[in-house]
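Okay, here's what each chain looks like letter by letter:
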Protein chains: 6
Amino acid sequence: MFYHDKKLQYKVRVEKPNPTFARALQQAIGGIEGEIRVCLQYLFQGWNSRGPVRYKDMLLDTGTEEIAHIEMLSTAVALNLEGASGGIVDEIVGQSPIVGAIMGGMDPRHYLSGGLGAMAADANGVPFNGSWVVSSGNLAADMYANVMAESTGRLLATRLYELTDDPGMKDMLAFLIARDTMHQNQWLAVLEELGHGDITKVHPIPNSFPQANENQEVNYLFVNTNIDAEPSAGENRRWTQGTSIDGKGQFQEEKAFPRGDVPVLGPPAKEGYAQTEQLTGANSKS
Amino acid sequence: MFYHDKKLQYKVRVEKPNPTFARALQQAIGGIEGEIRVCLQYLFQGWNSRGPVRYKDMLLDTGTEEIAHIEMLSTAVALNLEGASGGIVDEIVGQSPIVGAIMGGMDPRHYLSGGLGAMAADANGVPFNGSWVVSSGNLAADMYANVMAESTGRLLATRLYELTDDPGMKDMLAFLIARDTMHQNQWLAVLEELGHGDITKVHPIPNSFPQANENQEVNYLFVNTNIDAEPSAGENRRWTQGTSIDGKGQFQEEKAFPRGDVPVLGPPAKEGYAQTEQLTGANSKS
Amino acid sequence: MFYHDKKLQYKVRVEKPNPTFARALQQAIGGIEGEIRVCLQYLFQGWNSRGPVRYKDMLLDTGTEEIAHIEMLSTAVALNLEGASGGIVDEIVGQSPIVGAIMGGMDPRHYLSGGLGAMAADANGVPFNGSWVVSSGNLAADMYANVMAESTGRLLATRLYELTDDPGMKDMLAFLIARDTMHQNQWLAVLEELGHGDITKVHPIPNSFPQANENQEVNYLFVNTNIDAEPSAGENRRWTQGTSIDGKGQFQEEKAFPRGDVPVLGPPAKEGYAQTEQLTGANSKS
Amino acid sequence: MFYHDKKLQYKVRVEKPNPTFARALQQAIGGIEGEIRVCLQYLFQGWNSRGPVRYKDMLLDTGTEEIAHIEMLSTAVALNLEGASGGIVDEIVGQSPIVGAIMGGMDPRHYLSGGLGAMAADANGVPFNGSWVVSSGNLAADMYANVMAESTGRLLATRLYELTDDPGMKDMLAFLIARDTMHQNQWLAVLEELGHGDITKVHPIPNSFPQANENQEVNYLFVNTNIDAEPSAGENRRWTQGTSIDGKGQFQEEKAFPRGDVPVLGPPAKEGYAQTEQLTGANSKS
Amino acid sequence: MFYHDKKLQYKVRVEKPNPTFARALQQAIGGIEGEIRVCLQYLFQGWNSRGPVRYKDMLLDTGTEEIAHIEMLSTAVALNLEGASGGIVDEIVGQSPIVGAIMGGMDPRHYLSGGLGAMAADANGVPFNGSWVVSSGNLAADMYANVMAESTGRLLATRLYELTDDPGMKDMLAFLIARDTMHQNQWLAVLEELGHGDITKVHPIPNSFPQANENQEVNYLFVNTNIDAEPSAGENRRWTQGTSIDGKGQFQEEKAFPRGDVPVLGPPAKEGYAQTEQLTGANSKS
Amino acid sequence: MFYHDKKLQYKVRVEKPNPTFARALQQAIGGIEGEIRVCLQYLFQGWNSRGPVRYKDMLLDTGTEEIAHIEMLSTAVALNLEGASGGIVDEIVGQSPIVGAIMGGMDPRHYLSGGLGAMAADANGVPFNGSWVVSSGNLAADMYANVMAESTGRLLATRLYELTDDPGMKDMLAFLIARDTMHQNQWLAVLEELGHGDITKVHPIPNSFPQANENQEVNYLFVNTNIDAEPSAGENRRWTQGTSIDGKGQFQEEKAFPRGDVPVLGPPAKEGYAQTEQLTGANSKS
């Protein structure tokens with residue numbers, strides 16, 4: 001079963017809210033390359049797992065971590081929508097900030113349906129679709145599905161990194177890119193155990209993104225989210241010890257803990273028509 | 001962020017596997033009335049929450065609990081698919097067990113795509129759709145969406161209860177029906193705080209299901225899944241103290257712990273073509 | 001069975017066409033909070049209704065009214081698309097009006113697929129989805145689904161109201177917001193009959209929208225669309241008499257009649273490539 | 001705007017309920033060839049219509065009629081699900097009637113989600129999709145979309161006619177098949193006005209279905225659902241006078257009236273868990 | 001079975017890349033009026049064809065041609081995305097070219113998911129949906145589905161023609177518009193063989209587009225893509241000889257050959273994070 | 001551009017039609033693991049390809065081959081639906097063959113919508129979805145998507161092989177399984193060129209299927225579908241020469257030719273209501 005605390009896995013800061021970037025971030029939440037997909041994919045593979053138990057455990061460990069990534073990205077979307085004014089665009093089109101933001105590429109449903117919050121949809125507002133969740137009953141096929149998901153996922157994250165110059169957003173993405181590096185290696189480690197050849201230097205995908213830009217603390221780190229399990233010496237779990245499969249790091253293991261703080265969103269925007277009790281009580285402790 | 005352990009929130013036993021019932025259970029996993037929907041709905045509402053913080057906390061507490069419900073149901077599906085032979089049907093149609101089971105109402109994708117595992121889809125194989133996740137930015141609207149989700153969810157669970165005579169399945173459903181009773185009351189408690197009238201005896205919906213059949217230990221119990229938070233005396237959290245909103249119980253609070261065991265699935269079926277390493281290593285400890 | 005006349009339920013005027021606003025209006029037509037959903041939801045609930053007949057009748061009455069709302073909004077979309085020029089944007093980007101409008105947030109399919117007409121889709125062009133139509137067989141569950149639909153629907157309408165400063169559009173939305181107030185109260189009245197507690201001051205949702213801005217003639221008025229039935233003294237129909245459930249009005253009943261005129265759209269835009277016979281015969285009487 | 005009465009356009013009788021046939025009927029409700037599609041398609045084409053007004057009027061007339069067809073088919077589904085016992089199947093598989101019915105091809109969601117009522121979905125439970133609603137802004141393109149919809153729709157209805165030997169269902173389908181004959185001719189009449197060649201003997205599609213089996217009273221009859229408009233001598237409306245476009249009948253016009261009665265469904269099934277108040281008050285007048 | 005060569009059916013040139021136009025072109029690839037739909041529709045109709053063999057052959061001939069249309073349009077999208085800078089918009093908003101382009105109406109997934117390539121989706125990023133592929137088993141119904149598809153398809157192409165002033169794009173669209181003229185006539189020719197009336201001057205739809213603007217070489221030309229079949233004198237194949245059904249041309253037949261060249265895309269954009277080996281080896285021969 | 005001939009890539013025989021198996025085969029046509037997906041995925045990757053040209057060529061070669069697989073499977077579906085009588089089931093339920101077949105697990109839309117033909121949908125009738133088509137702009141990510149697609153695709157094919165005892169169907173599936181073996185190796189060969197480690201014995205996935213059962217002529221054979229290109233000595237194309245990546249075969253190359261015959265379907269079933277001209281002219285040469 002599952003537990004949570006109130007903090008984020010990694011800090012999420014937005015210096016200059018940007019509703020167009022909020023829309024782009026949705027791809028990493030509800031798109032086919034996004035975190036809901038990998039979260040459900042690893043959890044379903046774990047729940048359906050038959051055969052050696054250590055694979056089930058690992059799948060649930062990482063599936064659980066991915067929930068925290070959806071949380072980080074949803075927080076980032078909400079923060080990017082605060083004061084959805086679109087700055088320069090406003091001045092040009094001389095309309096209300098939200099109309100201006102829509103004209104400047106904002107997803108109109110972020111306001112109309114979400115009241116300036118994140119949605120379970122992609123960057124075009126197309127809803128998340130459960131057909132993307134692959135759990136085939138064959139461990140090797142599943143691992144390829146997972147490497148593929150983390151490859152397109154890391155690719156997406158590097159492109160998002162390119163789209164923003166907000167230092168908080170770049171820092172958050174550097175963390176997520178690093179986790180994708182680890183997860184690519186992690187699934188390849190299972191394939192190695194199943195008879196795959198040695199080090200595959202094609203990873204991390206994409207290899208054209210300067211790896212120095214990813215978070216160096218967590219890029220070869222297995223995060224153990226099981227509250228009952230102590231990180232062990234690794235035993236026969238390839239993904240916690242030795243040289244990483246891409247040959248570029250050393251696997252390590254760590255008991256999960258939050259590197260981020262409790263997220264604090266601003267009060268509801270007046271034009272979002274939250275309930276009055278939300279407006280008056282906003283940000284109060286209780 | 002999020003954590004897990006290896007045990008189930010409540011025990012899941014299947015005495016006589018029934019692939020037709022596995023198909024029906026999918027509605028409670030990936031259908032519009034199902035657990036993926038409420039899980040993501042409460043989590044997104046929590047992540048997007050603006051205004052008094054105690055609502056955010058509660059939404060994340062219960063959203064986290066719902067992941068454990070998906071886990072229980074997925075385990076139940078996998079167990080119901082073991083030996084997918086369809087019993088009586090086999091004798092009649094004289095075919096392979098799986099063909100017989102498909103002719104007897106099994107979802108063919110449970111075998112073809114899932115290798116006898118659960119999917120993120122409904123009882124007709126229609127994939128889960130993110131459009132069902134409502135997070136509107138207005139607390140009262142969200143609470144009505146939640147009462148509605150738990151009403152149709154409990155209705156679905158009572159119908160599943162009716163469909164099976166497997167004692168393990170009935171016991172699991174009695175637990176889930178009780179949790180839906182609590183969750184209906186919980187969202188109504190927020191509405192009460194927002195100005196809603198007094199006790200609403202229309203609940204739990206459906207009121208025609210004998211409430212004695214639901215699990216009496218957990219039907220008015222708030223489950224606190226936050227690993228850092230001790231259950232308090234309730235303070236201003238209506239859903240942890242006093243008479244329940246339906247007037248039929250007393251609210252209580254409990255720190256989350258697993259009432260179930262570590263689930264154990266059988267080895268892969270030969271005809272599911274798992275990887276050889278899964279077949280030989282099945283059920284080994286490592 | 002069903003009938004129509006050529007007039008609108010309420011008048012639809014657009015002083016300054018705005019294709020970006022046309023896109024936003026689509027959410028109220030084909031989105032999950034939109035009118036196609038409530039229309040089909042109430043009609044299916046009515047057609048499937050088992051038990052006291054007066055609920056079936058009421059559901060069909062209001063389901064029929066909702067068709068007229070789709071009609072009003074579709075007319076509003078078509079009028080907002082006339083001369084889709086995007087004004088200020090044009091001057092900036094120096095392109096054809098329609099390209100400019102697309103760059104300014106217009107839905108490109110309004111031109112490409114619809115020839116400047118409305119579609120059965122949401123503000124992002126995601127098609128209406130029948131899974132949103134809830135008819136559960138349990139009257140109380142259905143009523144919560146309906147309160148929820150009218151709560152998110154009214155919330156959407158207040159946000160649309162905020163997005164426009166066109167007096168015609170504001171007037172139309174004030175009418176629709178008022179109808180949502182009534183419909184929230186109407187479904188609550190059924191819940192009261194089923195045992196719900198007394199007056200629930202949480203309504204109309206959102207309560208932060210100044211209720212003075214909604215149309216005061218129709219906000220507590222039951223509209224009887226049955227051509228055979230005279231409004232009665234109410235008998236045991238709670239939604240036609242007494243104080244409204246939100247305590248803010250008095251229920252009344254009225255035989256349906258059009259408050260609007262026969263809608264008149266402009267001739268087809270040349271660049272929409274209507275058939276020649278449409279261009280030459282446009283706006284002729286026959 | 002729109003009105004209704006409590007009667008059906010044509011009578012709907014089910015002598016021997018058949019849940020497998022209920023599932024098949026869903027294709028005619030929520031499938032791509034079904035009535036929700038043509039209903040919304042004609043209404044949207046009418047609302048978006050630019051050019052000669054008589055086409056707008058006719059589209060709304062027939063779009064309104066189609067709502068009555070959804071109503072008839074939904075009633076037929078509900079009646080076919082009553083006592084969903086599956087007869088012969090029960091005896092064979094020795095299970096509960098509903099499990100037996102699911103094994104015998106029933107849609108499990110008819111019970112699980114609908115409580116034995118119709119849904120906005122096709123024969124496989126795939127939801128109705130708004131993308132099927134074609135309204136292009138070009139009258140000739142729209143008319144071809146309509147001929148195509150009525151051709152596949154009539155084809156579907158003849159196949160449903162073939163699937164059942166229930167006299168009530170055959171009678172209802174003979175009515176719907178006849179209306180599709182008329183509607184094919186009606187859209188072709190517009191095409192004739194737009195310059196199409198003369199009589200096209202390829203219709204009604206399919207031409208292999210014995211036309212004597214369709215209802216002979218209504219197969220070349222234009223049904224005027226406008227409560228304000230008297231059927232006229234036809235003037236320049238080709239679809240109300242002269243030889244039909246398929247050369248097999250004479251066009252006529254009639255003011256809409258119900259040929260069917262007020263539908264009466266049975267009380268809720270005990271195992272559907274309707275609200276108690278539905279069970280006790282079932283079939284009462286109020 | 002199927003074959004290809006490296007050249008395009010017709011030349012595709014883009015003088016001034018325009019990411020907003022790339023988005024619009026997606027409607028012609030993955031939209032309901034688009035080429036994937038007609039391609040699969042004709043192929044499935046061919047594969048499922050029962051009855052006279054010459055219809056099967058023709059359906060496969062034209063279904064095969066449509067693959068080449070998807071190829072042309074995908075190439076056009078990729079070329080329009082090269083240097084996705086959005087020109088004027090950049091200067092205004094002072095951001096990175098891609099952010100500027102998103103604010104100017106670009107589909108963000110063209111960058112985020114596609115790395116500046118085409119997708120199997122419509123102009124709003126809504127994925128292609130297999131439900132649009134009509135193959136009914138009735139030849140006449142199928143032919144109407146095909147005339148309808150080519151009518152809305154040609155309408156879409158004329159609107160795209162209107163949206164661009166790039167001479168290369170206009171030339172490509174003039175070719176595709178001409179092919180749609182032929183295909184409308186082709187399916188009508190089958191209907192004529194099945195008993196349809198004579199010349200139908202309503203075509204090509206839309207008739208308001210100056211037919212002189214379409215490519216005059218190919219607008220009444222049957223393209224035989226069967227590598228084994230020589231164009232014959234026509235025999236009983238109406239669509240290869242005689243006056244076209246719209247009365248505006250003479251049917252001819254030709255053995256398929258590429259009128260275009262091998263397409264050459266530019267190297268990957270640096271910010272798309274292609275694999276390093278793509279960047280260094282770009283445009284090399286091997 | 002693209003060409004075809006009238007023959008199948010490999011022979012398709014059905015000795016005993018089985019509509020339940022036809023339903024299962026749909027997963028391999030329109031499911032996420034199916035042939036439409038890989039066909040469009042490889043073609044889009046080819047059309048969007050930037051960088052070394054030989055990858056573009058190979059992607060188009062194999063994408064073109066996959067069209068022939070859809071053709072084979074569609075033909076297999078049509079043949080399995082002929083005489084959809086369900087044999088044993090009929091005797092039991094004493095109904096019409098098609099009703100019996102629906103009760104025995106047939107997809108009802110195979111009759112209702114398709115007239116006993118294949119559809120662009122999966123085994124539950126859920127339509128093919130364009131979101132599954134991955135073309136990321138990064139060659140390595142795309143190759144992992146392709147290995148994953150061929151792994152789940154081969155897994156599906158082995159499960160279909162298990163479900164049938166029709167020798168014709170087993171022979172066809174042995175061919176398709178062998179092609180999936182080759183295609184897994186082919187994409188791995190590209191990864192090897194990009195820096196991947198050596199031989200990966202984990203393939204072909206699933207490794208528990210006896211490889212002796214797959215067609216031994218074509219399991220390591222690159223099929224060159226380019227009508228202009230002669231198979232060369234391989235040059236720098238790893239997938240045409242040397243030991244296969246799984247170490248179990250030798251790569252070879254062959255110019256594409258049909259191993260199957262022209263498919264011949266039976267005449268339309270009377271109850272499918274094909275057009276009369278199809279019935280009378282069935283199986284005639286012209």
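In this convention, every chain numbers its residues from 1, walking through the sequence in written order. Chains and ligands are labelled by the order in which they are written, letters from A for the one and numbers from 1 for the other. Restriction of local features to residues with pLDDT of at least 70 applies here, the model being predicted, together with a cutoff of 80 or more for giving and counting side-chain atom pairs; totals for whole chains, interfaces and linings are based on all residues. Water and hydrogen atoms were dropped before computing side-chain values, which therefore reflect all heavy atoms in the structure.

(A) Molecular detail of the side chain of Q9 of chain C. Here Q9 of chain C shows up in the loop between β1 (2-4) and α1 (19-30). Categorising residues by exposure relies on relative accessible area from a 1.4 Å probe, with only protein chains included: less than 20% of the type maximum marks a residue as buried, more than 50% marks it as exposed, and the intermediate range marks it as partly exposed. Classification of Q9 of chain C as buried rests on a relative accessible area of 4%. Any pair of nitrogen or oxygen atoms within 3.5 Å is treated as a polar contact; in protein, a donor-acceptor pairing is required on top of that, and neighbouring residues in sequence qualify only through side-chain atoms on both sides. Looking at Q9 of chain C, its side chain comes within polar contact range of the side chain of H69 of chain C, at 3.0 Å. Any two residues whose heavy atoms approach within 4.5 Å are treated as being in contact. In this structure Q9 of chain C touches E65, A68, H69, M72, F175, V223, P258, R259 and G260 of chain C together with M1 of chain D, once residues within four positions along its chain are discounted. Only DSSP runs of H or I covering at least 4 residues are called helices, and only runs of E covering at least 2 are called strands; the numbering of each starts at the N terminus.

(B) Structural detail: the pattern of salt bridges. Salt bridge, as applied in this entry: a Lys or Arg side-chain nitrogen positioned within 4 Å of an Asp or Glu carboxyl oxygen. In this structure the tally under the stated criterion is 72 salt bridges over all chains. The partner of R154 of chain F in a salt bridge is E214 of chain F, and the shortest N-O contact between them spans 2.7 Å. A residue pair is termed long-range when its members are at least 10 positions apart, and R154 of chain F in helix α7 (residues 139-163) and E214 of chain F in the loop between α8 (167-193) and β2 (221-224) qualify at 60 residues. For the residue pair R154 of chain F and E214 of chain F, the accessibility class agrees, reading buried in each case. Of the charged contacts in the structure, one is a salt bridge between E192 of chain F and R238 of chain F, with a shortest N-O distance of 2.7 Å. Of this pair, E192 of chain F sits in helix α8 while R238 of chain F sits in the loop between β2 and β3 (252-255), placing them 46 residues apart in sequence. The structure contains a network of salt bridges with shared partners spanning E217, E254 and R259 of chain A.

(C) Expanded view of unusual backbone geometry. Of the consecutive residues I205 of chain E and P206 of chain E, the connecting peptide bond is found in the cis state with omega at -5 degrees. Of note, P206 of chain E is situated in the loop between α8 (167-193) and β2 (221-224). Phi is positive for Y273 of chain D, which is not a glycine, with a value near 55 degrees. Here Y273 of chain D lies in the loop between β3 (252-255) and α9 (276-280). Of the residues examined, Y273 of chain D reaches a relative accessible area of 6% and is grouped as buried.

(D) Up close: the side chain of N219 of chain A. Residues and elements named next belong to chain A. Along the chain, N219 turns up in the loop between α8 (167-193) and β2 (221-224). A residue is classified by how much of its surface remains accessible, and N219, at 5% relative accessible area, is buried. Among the polar contacts made by the side chain of N219, one reaches the side chain of E214 at a distance of 2.9 Å. Apart from the residues within four sequence positions on either side, N219 is in contact with A178, T181, M182, Q211 and E214.

(E) The arrangement of the relation of the copies chain C and chain D in detail. Only residues with pLDDT of at least 70 in both copies count here: their C-alpha atoms drive the least-squares fit that superposes the copies. Overlay of chain C on chain D (RMSD 0.0 Å): rotation 180 degrees, translation along the axis 0.0 Å. Such a combination of rotation and displacement between the chain copies is what one expects of a two-fold axis. Of the interface residues in chain C, 100% have counterparts in chain D that sit at the interface too, so the contact is made through matching surfaces.

(F) View of the packing of helix α2 (residues 35-47) of chain E against helix α3 (residues 53-80) of chain F. At a minimum axis separation of 9 Å, α2 of chain E and α3 of chain F run at an interaxial angle of 40 degrees. Taken together, the axis directions place α2 of chain E and α3 of chain F in an arrangement best described as oblique. At the point where α2 of chain E passes α3 of chain F, the crossing takes the right-handed sense. Facing L43, F44 and W47 of chain E of α2 of chain E, the residues of α3 of chain F in contact are I67, I70, E71 and S74 of chain F. Axis lines are fitted to C-alpha atoms, over the contacting stretch for helices. Their N-to-C directions set the angle, which ranges from 0 to 180 degrees. Angle categories: roughly parallel below 35 degrees, roughly antiparallel above 145, roughly perpendicular from 65 to 115, and oblique for all the rest. Handedness of a helix crossing follows the sense of rotation of the near helix relative to the far helix, less than a right angle counterclockwise being left-handed and clockwise being right-handed.

(G) Quick peek at the interface of chain C and chain D. The interface is formed by 79 residues belonging to chain C together with 79 residues belonging to chain D. Both sides together, the interface formed by chain C and chain D hides about 6800 Å², and carbon and sulfur atoms give 56% of it. Three residues, M1, H4 and R50 of chain C, lead the burial of chain C against chain D; their summed loss comes to 16% of the area buried on that side. Scanning the region where chain C abuts chain D turns up four salt bridges. Where R50 of chain C meets E82 of chain D, a salt bridge forms, and the shortest distance between an N and an O atom there is 2.5 Å. Every element with two or more residues in the side of chain C that touches chain D is listed here: β1, α2 (35-47), α3 (53-81), α7 (139-163) and α9 (276-281) of chain C. Think of it as three bins: nonpolar holds Ala, Val, Leu, Ile, Met, Phe, Trp, Tyr, Cys and Pro, charged holds Asp, Glu, Lys and Arg, and polar takes everything else, Gly as well. Along the lines of polarity and charge, the residues of the side of chain C that touches chain D split into 38 nonpolar, 28 polar and 13 charged. Summed over both partners, the accessible area (1.4 Å probe) lost when two parts come together is defined as the buried area.

Purely geometric stuff here, so don't read any function into it on its own.
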